[in-house]
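Close look at the chain arrangement
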Amino acid sequence: AHASTSATVFCIAHAIVADPTAMLTQSTSVYQLAIFNAALCTFVPMLLTMVAVNRVGSSLTAQAGAVGPVATVYLGWAFLGEPITLTQLVGMTIVLASVALLLRVNNADKAKSLAQDT
């Protein structure tokens, strides 16, 4: 919450310093797109992240968050026709392998805890 609040404060401060009247003279479509962007690209993902932390815990949520850049590269290729380089493939493989390893360790720890409880 603090990070989002400080980012908002600094963005508003920058807009005021750069050109204070520009915020009030945009077309209606700019304001509509800004609201759409704020809702779907900021508010909803943050809300879903908090729900995920509440449901599966912070460590598993953080591990799942590591897949985000991989998904971005894939979606850029699938929808925008961007090429995927060998370096990106290697990076994506490392990220996915790391997440898989962490999930395996997490599942092993849970199984170990359950075995000790019984």
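That block above? That's the structure.
Below is a summary of the structure that appears in this document. (Residues numbered from 1 in each chain as written. Predicted model: local features only at pLDDT ≥ 70, side-chain atom pairs only at ≥ 80, totals over all residues. Heavy atoms only, no water.)

**Here we look at helix 2 (residues 28–56)**
Because an α-helix packs 3.6 residues into every turn, residues spaced three or four apart end up facing the same way. Spelled out, the test is: Secondary structure elements are taken from DSSP: a helix is a run of H or I of four residues or more, a strand is a run of E of two residues or more, and numbering for both begins at the N terminus. Each helix should span, by expectation, one fewer than its residue count multiplied by 1.5 Å. The angle between axes fitted to the seven-residue stretch ending at a residue and the seven-residue stretch beginning at it gives the bend at that residue.
A rise of 1.5 Å per residue sets the reference length of helix 2, with its 29 residues, at 42 Å; its end C-alpha atoms lie 40 Å apart and thus fit the reference within 8%. Of all the bends in helix 2, the greatest, near 30°, is centred on Phe43, and the proline Pro45 appears no more than four residues after it.

**Digging into the layout of surface pockets**
Which entries qualify depends on this criterion: A 1.4 Å probe that fits into a set of points on a 1 Å grid over the protein atoms alone but cannot get out defines a cavity; an open set with protein on both sides within 12 Å along at least five of seven lines defines a pocket, and lining residues are those with an atom within 4 Å of a point. Grid points are joined across faces, edges and corners, and a volume is the space filled by probe spheres set on the points. Ten residues, namely Ala, Val, Leu, Ile, Met, Phe, Trp, Tyr, Cys and Pro, are considered nonpolar, four, namely Asp, Glu, Lys and Arg, are considered charged, and the remaining ones, Gly among them, are considered polar.
Here the largest pocket is characterised by a volume of approximately 160 Å³. If you tally residues by element for the lining of the largest pocket, the top one is helix 2, at three residues. Taken together, the residues of the lining of the largest pocket sort by class into six nonpolar, one polar and one charged.

**Description of the packing of helix 2 against helix 3 (residues 58–65)**
Using the following cut-off: Orientation is described by lines fitted to C-alpha atoms, with helices fitted over the stretch in contact, and by angles between N-to-C directions that extend from 0 to 180 degrees. Angles are sorted into four bins: roughly parallel if under 35 degrees, roughly antiparallel if over 145, roughly perpendicular if 65 to 115, and oblique for all others. Only heavy atoms matter for contacts: two residues are in contact if any of them lie within 4.5 Å across the pair.
The geometry of helix 2 relative to helix 3 is characterised by a closest axis approach of 7 Å and an angle of 135° between their N-to-C directions. Classified by the angle between their axes, helix 2 and helix 3 sit oblique to one another. Residues Thr49, Ala52, Val53 and Val56 of helix 2 form the contact with helix 3, whose participating residues are Ser58, Leu60 and Thr61. Looking at the contact of helix 2 with helix 3, its residues break down into four nonpolar, three polar and no charged.

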